Amino acid sequence: MMTTATLALAQTVTLDAPGADEDLVTLLQDAALSRSLGSDEAADPPVPQDYVAAARADYRRLLTALYAAGYYGGTISIRVNGTEASGLAPLAAPDRIDTVAITVNPGPLFSFGQASVAPLAPGTDLPEGFATGEPALADTIRQAAGAARDTWRNQGYALVTVADQSIVARQTEDVLDASVTIAPGRQLTFGALRVVGNAAVRTDAITRIAGLPVGEIYSPDDLTQSARRLRETGAFDSVSLTEAEVAGPGDTLPITATIAESLPRRIGAGVEYSTVEGVRLNGYWMHRNIFGGAENLRFDATIAGLGGGTGGTDYSLGTSLRIPAIYGADTDLTGTAEIAREDEPDYLIDRFSAEVLATRRLSDALEVQAGIGLLTAREETALGRRNYTLLTAPLAATYDRRDSDTNAKRGYYIDAQATPFLSVDGGASGARAYLDGRIYYSAGATDRFTVAARGQVGSVIGADLTEAPADFLYYSGGSGSVRGQAYKSLGIDQTVDGITLKTGGASFAGVQLEARVGVTDAISVVGFYDYGYVARTETPLTDGASQDGVGLGVRYDTGIGPIRLDVGTPATGDEQFKSVEVYIGIGQAF
């Protein structure tokens, strides 16, 4: 098969590979440096000397490509203006390059004769292709050696090496014999963690947060987890944990943590606008290392609802302090306090809340949270004004198997929350529960077609609709539940003492479905359907009402998350297709 490329200073560059299939030709094209000269990606126009240098380098590059594909008896000819490139002096390029002709005769495909790696650690899983009679791909040999080495490392043999390898091509039989000898060394345990590069964050705090299991058998996963814990504090620009090249006394492996600290203070602000909710202003100030142990202190202020149609102006002022590794490396303690006003069409609440929460990571995907809190509020509805004070016990569990938290294409996500509350002033007690589940599936080239589904269910137990805090109840409508319907437009109408008022429901069930189709690498279009049901009782989907919405959207991927534009309209009912709602944000809708 022959391919041709026209270059700036060369009339033609040809690559001829008789008998090669399309995959091998593509591999050779990618390997040939000569073909890339004069391309649109070239920073400067090439000169004749560049072509000669590229042609001389292509012998090794093309040979490597042949070996990678299992061809060990091939021949390569690269002729520049009819002269073999290997015979051209490096600095004796002709004044003009007219032709570069590359001819590759791949020869026969070799198969494995002997294929062995030894010794192997228990449980080693070698590549299926590393076996007698299989195509003798060079990458398969590397993968087999890598699998053997990784398994030894996972069992504590941190300094395992490839001691020897023998690769012999039997040309008359088209067979390749490959033998790799592994030297596992001794099983090691973690030695002490040495910390370098820190100035403001204490060494003992870094050691505690890393949680390296000193004295236990070495594991690459434990090393990765220690680095992750340090990065997640937000106190460091970079974290690198490196292993010593030789074992220490007592079969230990010293580890060095190289730290680059972040600037301790950070300030930020933002502005958002919605045709429904109006202008939202927010700002924060944060200290990443307030007491020298990577503790994070943060103050937040928000004003929302300016010029919106969802009630009056909302505000909040809050602070939080997070202390990492408070009880073991994977348990953080967070204290929060907030004063806020929430001015909604159906209620007005002024409240103060404070919580102390312990968060523990049980695995890479599973995180649980438990705590205690105090909530005191003044609430105004159509029934009048009331004050209440509650003791709360927030509980949560999150299981996250998504490939991205802002633009997921595969995986699933589950968030379960329960907040028991106890009135200390004679009011109603009960609990609020909520479950959010999401699943993603992608297909097509580069996963350009994605189907995403979300289900939500929630319930307030133990308090009726007039006794439960108004912001504990459930509504439907808006970007978080049913797009195309007005924000919190669906609730429950009820008559109390001759007064008809609208409240949230005691339970909610909702579904959101999206089909996302990539148009370019950065732009995709989305079709969606949302459904929400608000019920009078604490049992979802009973004694209530529903609404739904349908619409289209556009996403522009910025690399840190897509910019989202959705336009929705009611799908059924009296307002079917008569109004539209517009939503703009960062990240997918879910």
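Below or above, wherever it landed, is the structure these notes cover.

Thresholds applied
- Residues numbered from 1 in each chain as written.
- Predicted model: local features only at pLDDT ≥ 70, side-chain atom pairs only at ≥ 80, totals over all residues.
- Heavy atoms only, no water.
- Core = buried A, V, L, I, M, F, W, Y, C linked by side-chain atoms within 4.5 Å.
- Buried < 20%, exposed > 50% of the residue type's maximum accessible area, 1.4 Å probe, protein only.
- Helix = DSSP H or I, 4+ residues; strand = E, 2+ residues; numbered from the N terminus.
- Contact = heavy atoms within 4.5 Å.
- Pairing = 2+ DSSP bridges.
- Axes fitted to C-alpha atoms, helices over the stretch in contact; angles between N-to-C directions.
- Expected span 1.5 Å × (residues − 1).
- Parallel < 35°, antiparallel > 145°, perpendicular 65-115°, else oblique.
- Nonpolar A, V, L, I, M, F, W, Y, C, P; charged D, E, K, R; others polar.

## Examining the nonpolar core
Of all hydrophobic cores here, the largest spans 28 residues; its most connected members are L24, L28, L62, I78 and I102. Elements with a minimum of two residues in this core: β2 (12–16), α1 (22–31), α2 (48–69), β3 (75–80) and β5 (99–105). It is α2 that provides the largest number of residues to this core, a total of nine residues. Once residues lying within four places of it in the same chain are set aside, the contact partners of I78 are A55, D58, Y59, L62, T83, E84, A85, V100, A101 and I102. Membership of the second largest hydrophobic core comes to 24 residues, among which are L188, A210, L212 and F236.

## Remarks on the sheet that holds strand β10 (residues 236–243)
An order of β9-β11-β10 is seen for the three strands of this open sheet, with the pairing classed as mixed. The open sheet has two free edges, formed respectively by β9 (189–196) and β10, since each of these has just one partner strand. With direction set aside, neighbouring strand axes in the sheet form an average angle of 20°. When β9 meets strand β11 (residues 252–261), the two strands line up parallel, connected through six bridges.

## What about the sheet that holds strand β8 (residues 175–183)?
The mixed open sheet is built from three strands, whose spatial order is β6-β8-β7. The open sheet has two edge strands, β6 (111–118) and β7 (161–170), and neither has a second partner. Neighbour-to-neighbour, the strand axes of this sheet turn through a mean angle of 10°, independent of strand direction. As paired strands, β7 and β8 are joined by nine bridges and run antiparallel to one another. Counted as the bridge partner of I167 is A178 from β8. The strands touched by helix α3 (residues 138–154) are β6, β7 and β8; relative to β8, the strand with the most contacts, the crossing angle is about 20°.

## Comments concerning helix α5 (residues 220–232)
With 13 residues, α5 extends 19 Å from end C-alpha to end C-alpha; this agrees with the ideal 18 Å at 1.5 Å per step. Considered for burial, the residues of α5 that qualify are P220, L223, Q225, S226, A227, R228, R229 and L230. Buried residues in α5 make contact with α3, β9, α4 (203–210), β10, β11 and β17 (347–361). Immediately downstream of α5, the backbone of G234 shows phi near 80°, a positive value.

## A word on the environment of G573
Relative to the elements of secondary structure, G573 occurs in the loop between β29 (562–570) and β30 (581–586). In sequence terms G573 and D548 are 25 residues apart; their C-alpha atoms lie 8.8 Å from each other.

## Let's talk about the pairing of β3
With six bridges connecting them, β3 and β5 associate as antiparallel partners. Considered in β5, the bridge of V80 is made with V100. As defined by bridge partners, β3 adjoins strand β4 (residues 83–84) across two bridges and the pair is classed as antiparallel. Counterpart to R79 in the pairing with β4 is E84. The hairpin turn running from β3 into β4, its antiparallel successor, is two residues long, and N81 in that turn takes a positive phi close to 55°.

## A closer look at the packing of α4 against α5
In a packed pair of helices, the relevant descriptors are the angle between the two axes and the axis-to-axis distance. As a packed pair, α4 and α5 sit with axes 8 Å apart at the nearest point and diverge in direction by 125°. In terms of orientation, α4 and α5 fall into the oblique class. Contacts between α4 and α5 pair I206, I209 and A210 from the former with S226, R229 and L230 from the latter. Partitioned by chemical class, the residues of the contact of α4 with α5 number four nonpolar, one polar and one charged.

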